[in-house]
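Next come the chains, spelled out residue by residue.
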Amino acid sequence: QVQLVESGGGLVQPGGSLRLSCAASGLIARIYAMGWYRQAPGKQRELVARMTDDGSLNNADSVKGRFILSRENTKNLVYLQMNSLNPEDTAVYYCNAHAVVPPDFAATEYWGRGTQVTVSS
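First things first, this report covers the structure right here in the doc. Just so it is clear, the structure is predicted and the values come from calculations on it, not from any experiment.

Looking now at the side chain of Asn-96. Relative to the helices and strands, Asn-96 is located in strand β9 (residues 91-101). Within polar-contact distance, the side chain of Asn-96 engages the side chain of His-98 at 3.5 Å. In contact with Asn-96, other than residues within four places in its own chain, are Leu-4, Ala-33, Met-34, Gly-35, Tyr-37, Glu-109, Tyr-110 and Trp-111.

By the definition in use, this model includes two aromatic pairs. Taken together, a centroid distance of 5.1 Å and an interplanar angle of 70° make the contact between Tyr-37 and Trp-111 edge-to-face. With Tyr-37 in strand β4 (residues 30-39) and Trp-111 in strand β10 (residues 106-111), the pair connects residues that are 74 residues apart, well separated along the chain. Ring centres of Tyr-94 and Trp-111 lie 6.5 Å apart, and the angle between their planes is 85°; this geometry places the pair in the edge-to-face category. With Tyr-94 in strand β9 and Trp-111 in strand β10, this pair connects stretches of sequence that are 17 residues apart. Here the basic side chain of Arg-19 rests over the ring of Tyr-79, its NZ or CZ set 4.1 Å away from the ring centre. Here the guanidinium or amino end of Arg-45 rests over the ring plane of Trp-111, the centre of that ring lying 4.6 Å away.

The rules behind each value
- Residues numbered from 1 in each chain as written.
- Predicted model: local features only at pLDDT ≥ 70, side-chain atom pairs only at ≥ 80, totals over all residues.
- Heavy atoms only, no water.
- Helix = DSSP H or I, 4+ residues; strand = E, 2+ residues; numbered from the N terminus.
- Polar contact = N/O pair within 3.5 Å; in protein donor to acceptor, adjacent residues only side chain to side chain.
- Contact = heavy atoms within 4.5 Å.
- Phe/Tyr/Trp six-rings, centres within 6.5 Å; stacked < 30°, edge-to-face > 60°.
- Lys NZ or Arg CZ within 6 Å of the ring centre and 35° of its normal.

The values reported here are purely geometric and, on their own, carry no functional implication.
As structure tokens, this is what we get:
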């Protein structure tokens, strides 16, 4: 099994910044994609940003130019630097990973428990 542990959420004023971190642990052969999703109250969970282990990046149009995703592949870590936050960014942010684990080495999707980000004055 793979465990994803998030940290870094909290309350921030509009225009402020936060940095989320996620660490993956367990018996992992390879994490070929890792990133963040978010879910606001009454809305579906949506992709924020994710990166494959070859550096290919996908991110939502709503966060382009404001949020920066980075990975440390050798340490199974992913970070989300969030700048110029606005109230529409308020949501629970979930770490997500697609990993290959023994013994069958099947690709499996894993989720963290989520961390709350609230943008309010």
